[in-house]
Amino acid sequence: MVKELQASIRTIMTPGPVEAEPRVLRAMSAPILGQYDPEFFAMMNDVTNLLKLPFQTENEWALAVDGTARAGLEAAVCGIIEPGDKVLVPSFGRFGFLMAELAQRAGAQVKIVEQAWGTIFDPKKVIEEIKAYNPKMLIMVHGETSTGQMQDLKEIGLFCKENDVLFMVDAVATFTGADFQTDAWGVDIAVAGTQKCLSVPTGMAPVTYNAKVEKILASRYQVELGLTKDVRNDRFISSNYLDLSQIQQYWGPKHINHHTEMTSMIYALREGLRIVHEEGLENRFARHRKHEKAMMTGLNAMGLTLFGDMASKMPTVTCVNIPEGLDGEAVRATLLHHYGVEIASSFGSLAGKIWRIGNMGFSSRKENVLHTLNALEASITFHGGKIAKGEAAQAALKFYSEN
């Protein structure tokens, strides 16, 4: 017989998912409402209104796609891109290449521009590439969790706005943890996730888009065949489940049914966003910066070196070079199984070379930083790593006492 579920308690310090807000978990236990219940529609409207603050937008449309953040990214790409469209993707890590793949799968002519991992693009270089390629859409990642780097977007976005180039941004790893200004930066469509800085369980992808994108979606809208045979469109969006034009109608005032909404996840998203509003954006950003600096202070005191350009480092992810000769996966296993602490490895050319330590949402707090530093020091020492023992947590404590 299968035993009752008993998930272990972890200190999750990865770049996502992270520990969920306790209030969010409590909200998820509320009674289920029907998908046509006016009370439930009111909750969906709450989510739309609450999303506008962290996206920093006046857009009419702010909603959530059911599925992980990647579902939202794919919905955005599939909704805008048609076969043959030209798309430019400047990539400085794994998830830039994901954007390129999503665009390719949608039938776009994709040009990828690469930047060395651990650095970001000079905005002027991106602008020159836009001028040379003349794409319908530019897609960029804001915070690249594979390298811990955060891209400057404002100059690029305003150029796109002035030159009629659609600008899509993956804001999954920075949403509610670092400043992201949809309107001021000229972003036409932005996609986030619930499982990172928002500290809501994995399962929804917040999206916001402006009137330019809405016009494209409207031009491709097709009513589902089971609802009517009369509204056909040769330019229909290839995915039904990820059809943003239909999802918009579901979230809009007519509430035209598209699928059965994820009731408990709406409860969770609504509560997570309420917490963001209560804390305030600036306070929330400052909290993430503070715990990031404490973590960096402790890592440096331990004698470890950080990976990437510190001038463009994300406040929500810290990448650490694994000391030469040390088995990074063995250290991670000791952390997890003996201390209950989870940090992440990396991908591609950085696999086995760096650890990635998250600093996101509810996981971004002092006790997590101190516990992680102590556990990491002990685990590295256990596996024969040469570090400065007893220094990391003391340095972080000193930082906290002064800040």
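Just so it is clear, the structure is predicted and the values come from calculations on it, not from any experiment. (Residues numbered from 1 in each chain as written. Predicted model: local features only at pLDDT ≥ 70, side-chain atom pairs only at ≥ 80, totals over all residues. Heavy atoms only, no water.)

1. A look at the layout of surface pockets
Here the largest pocket is characterised by a volume of approximately 380 Å³. In this structure, the largest pocket is lined by 22 residues; those nearest its centre are Phe-95, Thr-145, Val-172, Gln-195 and Lys-196. At the level of secondary structure, the elements contributing two or more residues to the lining of the largest pocket comprise α3 (69-80), α4 (94-105) and β6 (143-144). Class assignment for the residues of the lining of the largest pocket results in 10 nonpolar, six polar and six charged. (1 Å grid on protein atoms, 1.4 Å probe; cavity = no way out; pocket = protein on both sides within 12 Å on 5 of 7 lines; lining within 4 Å. Points joined across faces, edges and corners; volume = space filled by probe spheres on them. Helix = DSSP H or I, 4+ residues; strand = E, 2+ residues; numbered from the N terminus. Nonpolar A, V, L, I, M, F, W, Y, C, P; charged D, E, K, R; others polar.)

2. Points about the sheet that holds strand β4 (residues 109-114)
Ordered by their spatial adjacency, seven strands build an open sheet running β2-β10-β9-β8-β5-β3-β4, and the pairing between neighbours is mixed. A single partner strand is all that each edge strand has here, and the edge strands are β2 (61-66) and β4. Put simply, the sheet's adjacent strands are angled 20° from each other on average, direction ignored. (Pairing = 2+ DSSP bridges. Axes fitted to C-alpha atoms, helices over the stretch in contact; angles between N-to-C directions.)

3. Some points on helix α9 (residues 263-279)
Helix length check: α9 (17 residues) gives 25 Å between terminal C-alpha atoms against 24 Å at 1.5 Å per residue, within 8%. Taken together, the buried positions of α9 are Thr-263, Met-265, Ile-266, Tyr-267, Ala-268, Leu-269, Glu-271, Gly-272, Leu-273, Ile-275 and Val-276. In the core, the buried residues of α9 are packed alongside α1 (22-27), α2 (38-55), β2, β10 (204-209), α8 (244-251) and α10 (281-302). Once α9 finishes, Gly-280 follows within two positions and takes phi at roughly 90°, a positive value. (Expected span 1.5 Å × (residues − 1). Buried < 20%, exposed > 50% of the residue type's maximum accessible area, 1.4 Å probe, protein only. Contact = heavy atoms within 4.5 Å.)

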